[in-house]
Amino acid sequence: EMRKFLKPGGTIVVEDGDLTSAGSVPPSAMNAFADLFGRFGRARGLDYSLERNLFHTVIRAGFSDVDIRIHQPAIARGSNRLFLKWSVEEAGPAFIDAGIITGEQLPRTLRDMQDAVENPDVLIVAPRMSLVWGRK
């Protein structure tokens, strides 16, 4: 649909992520982010892993000179380490409503995620992101 709004020779630029690729190294409670959002997406008919197909989607839409940059931030220190936990905390009521976690499990999961944030040996890994562009 975006293609029809571009002038000939115009460039489309799209970015999306794969929420199921986030977690930590070594594995920790931060991996609950990927699990919960992956199951939530399936329960709601959403694709939180759209990034995996973004490059080919742009090609199939008829764009040429398609290229891609993939990046996945790793967070060793600072308040950004809380990003995954904050996201689970904010989406928690929707996760409970969807039946993918209970009201008793969510606080435990958030405490365990906080412990991982506070552990300097845990490297927090944000979702993998793809930036794709092509020409009409």
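Here is what the cut-offs are and how they apply
- Residues numbered from 1 in each chain as written.
- Predicted model: local features only at pLDDT ≥ 70, side-chain atom pairs only at ≥ 80, totals over all residues.
- Heavy atoms only, no water.
- Helix = DSSP H or I, 4+ residues; strand = E, 2+ residues; numbered from the N terminus.
- Buried < 20%, exposed > 50% of the residue type's maximum accessible area, 1.4 Å probe, protein only.
- Contact = heavy atoms within 4.5 Å.
- Areas by Shrake-Rupley, 256 points an atom, 1.4 Å probe, with all protein chains shown as cover.
- Core = buried A, V, L, I, M, F, W, Y, C linked by side-chain atoms within 4.5 Å.
- Axes fitted to C-alpha atoms, helices over the stretch in contact; angles between N-to-C directions.
- Left-handed = near helix turned anticlockwise from the far one by under 90°.
- Nonpolar A, V, L, I, M, F, W, Y, C, P; charged D, E, K, R; others polar.
- Pairing = 2+ DSSP bridges.
- Salt bridge = Lys/Arg side-chain N within 4 Å of Asp/Glu carboxyl O.

A. Quick peek at the overall build of the chain. Per the secondary structure count, the chain includes four helices and six strands. Along the chain, helices and strands appear, N-terminal first, in the series β-β-α-α-β-β-α-α-β-β. In terms of overall dimensions, the chain has C-alpha extents of about 55 × 35 × 20 Å along its principal axes. Split into buried and exposed, the 136 residues of the chain put 38% on the buried side. Across the chain, every contact between residues at least 6 apart in sequence was considered, and the portion connecting residues at least 24 apart equals 82%. Surface exposure of the chain reaches about 8000 Å², of which carbon and sulfur atoms provide 53%.

B. Geometry of the environment of Lys85. When you line up the elements, Lys85 lands in helix H3 (residues 83–97). Separated by 15 residues in sequence, Lys85 and Ile70 have C-alpha atoms that sit 23 Å apart. Apart from residues lying up to four places away in sequence, Lys85 is in contact with Met30, Leu110, Met113 and Gln114.

C. Representation of the nonpolar core within the structure. By size, the foremost hydrophobic cluster in this structure holds 23 residues, and its most contacted members are Phe33, Val88 and Phe95. The set of elements that each furnish at least two residues to this core consists of helix H1 (32–44), H3 and helix H4 (105–118). Residues contacting Phe95, with those up to four places away along its chain left out, are Leu36, Phe37, Phe40, Val88, Ile100 and Ile101. Counting residues in each nonpolar core, the second largest holds seven residues, with Val14, Leu54, Val58 and Val66 among its members.

D. Broad picture of the packing of H1 against H3. For the pair H1 and H3, the least separation of the axes is 10 Å and the interaxial angle reads 35°. Note on packing geometry: the crossing formed by H1 with H3 is left-handed. Judged by residue contacts, Phe33, Leu36, Phe37, Phe40 and Arg44 of H1 engage Leu84, Ser87, Val88, Ala91, Ala94 and Phe95 from H3. Residue classes in the contact of H1 with H3 are distributed as nine nonpolar, one polar and one charged.

E. Expanded view of the sheet that holds strand S4 (residues 74–75). With antiparallel pairing, the three strands of this open sheet are ordered in space as S2-S5-S4. What marks the edges here is a single partner per strand, and that holds for strand S2 (23–25) and S4. By the bridge criterion, three bridges tie S2 to strand S5 (residues 123–125) in an arrangement that is antiparallel. Bridged to Ser24 within S5 is Ile124.

F. Fine view of the pattern of salt bridges. The final tally for this structure, using the stated rule, is five salt bridges. Residue Asp35 is joined to Arg39 by a salt bridge in which the shortest nitrogen-to-oxygen separation is 3.1 Å. Placement of the pair is Asp35 and Arg39 together in helix H1, with a separation of four residues, close to one helical turn. Judged by its relative accessible area of 39%, Asp35 falls in the partly exposed class. Through salt bridges with shared partners, a single network forms among Asp18, Glu51, Arg52 and Arg128.

None of this, on its own, says anything about what the molecule does.
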